[in-house]
Amino acid sequence: EAQVTQNPRYLITVTGKKLTVTCSQNMNHEYMSWYRQDPGLGLRQIYYSMNVEVTDKGDVPEGYKVSRKEKRNFPLILESPSPNQTSLYFCASSLSRGSGNTIYFGEGSWLTVV
Amino acid sequence: SQQGEEDPQALSIQEGENATMNCSYKTSINNLQWYRQNSGRGLVHLILIRSNEREKHSGRLRVTLDTSKKSSSLLITASRAADTASYFCATDGGTGGFKTIFGAGTRLFVKA
């Protein structure tokens, strides 16, 4: 079954404590990305990756890091989380970058920073 | 500002009625997609319509695209309680097809 799997699904952490949200896809997709979803603001792209070792900033990259060492994995790293990073996060993948591709989303990770 | 903007923001209908949601965008597009999101879950792709297409159907879904008005509509016929979700349009935001930008969504509530 085609899947994007992200973990953890729910996390409460404290300000400044580094955390990583993992993401894995089993569709051999080249393109992967991270979004955050906040009320009234819709989905905003944080970072994206067009292939292994190729990553770039999205619309709201501040406070986040990513890496793409393997094609299937694309972890999101919050080096020093702050309360304004409390949000619902989605990992997504598609065959390639173009807008004509279907985007597959993970189930989301609810992050609360206190 | 966001490329795709859905209208209305929220819609409440009775089971069996049709639901229509609209999406307007500002710049020329190559493709427009519609996604559905159940509360707090991941988005699921519903349908893609290309700029040279005017209408597409998928089951109870009908999507139209009017490039002259820069708008699209999603019609769900004979709605069911299980259709309760948020619906998002996504366009390439005038990026030549290189980026997908999501609107803020329409929240649909179907009463049983």
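Predicted, not measured: the structure shown is a model, and the values here were computed from it. (Residues numbered from 1 in each chain as written. Chains lettered and ligands numbered in written order. Predicted model: local features only at pLDDT ≥ 70, side-chain atom pairs only at ≥ 80, totals over all residues. Heavy atoms only, no water.)

Pulling in residues and values, what's your account of the interface of chain B and chain A?
Bring the parts together and some accessible area is lost; that lost area is often taken as the interface size. Each side of the interface is counted separately: chain B has 21 residues, and chain A has 21 residues. Summed over both sides, the interface between chain B and chain A buries roughly 1,700 Å², with carbon and sulfur atoms accounting for 47% of that surface. The interface formed by chain B and chain A contains 1 salt bridge. A salt bridge links Glu107(A) to Arg41(B); the shortest N-O distance between them is 2.3 Å. The interface formed by chain B and chain A holds 4 residue pairs in polar contact (both at pLDDT 80 or more) in total. When contributions to the side of chain B that touches chain A are tallied by element, the ones reaching two or more residues are β4 (31-37) and β5 (43-50) of chain B. For the side of chain B that touches chain A, a count of residues per class yields 7 nonpolar, 10 polar and 4 charged. (Contact = heavy atoms within 4.5 Å. Buried area = accessible area lost by both parts, 1.4 Å probe. Salt bridge = Lys/Arg side-chain N within 4 Å of Asp/Glu carboxyl O. Polar contact = N/O pair within 3.5 Å; in protein donor to acceptor, adjacent residues only side chain to side chain. Helix = DSSP H or I, 4+ residues; strand = E, 2+ residues; numbered from the N terminus. Nonpolar A, V, L, I, M, F, W, Y, C, P; charged D, E, K, R; others polar.)

Hey, could you go over the environment of Val54(A) for me, with residue numbers and the actual values?
Residue and element names in this part refer to chain A. Mapping Val-54 onto the fold places it in strand β6 (residues 54-57). The exposure class of Val-54 is partly exposed, given its relative accessible area of 37%. In the structure, Val-54 is positioned 15 residues away from Pro-39 in sequence and 30 Å away in space, judged by C-alpha atoms. Excluding its chain neighbours within four sequence positions, the residues that come into contact with Val-54 are Tyr-48 and Ser-49. (Buried < 20%, exposed > 50% of the residue type's maximum accessible area, 1.4 Å probe, protein only.)

Quick one: what's the story with the sheet that holds strand β1 (residues 4-7) of chain A, residue by residue and with numbers?
Spatial ordering of the open sheet is given by β1-β3-β8-β7 (chain A), a layout of 4 strands whose pairing is antiparallel. Here the strands that pair on one side only, and so sit at the sheet edges, are β1 and β7 (65-66) of chain A. (Pairing = 2+ DSSP bridges.)

Could you give an account of the state of the cysteines, with specific residues and numbers?
Residues and elements named next belong to chain A. Overall, the coordinates contain 2 disulfides over all chains when judged by the stated rule. The disulfide partner of Cys-23 is Cys-91, and the S-S distance across this bridge is 1.8 Å. Here the S-S torsion is close to -70°, and the disulfide linking Cys-23 with Cys-91 is therefore left-handed. Remark: Cys-91 occurs in strand β9 (residues 87-94) and Cys-23 occurs in strand β3 (residues 19-25); sequence separation between them is 68 residues. (Disulfide = S-S within 2.5 Å.)

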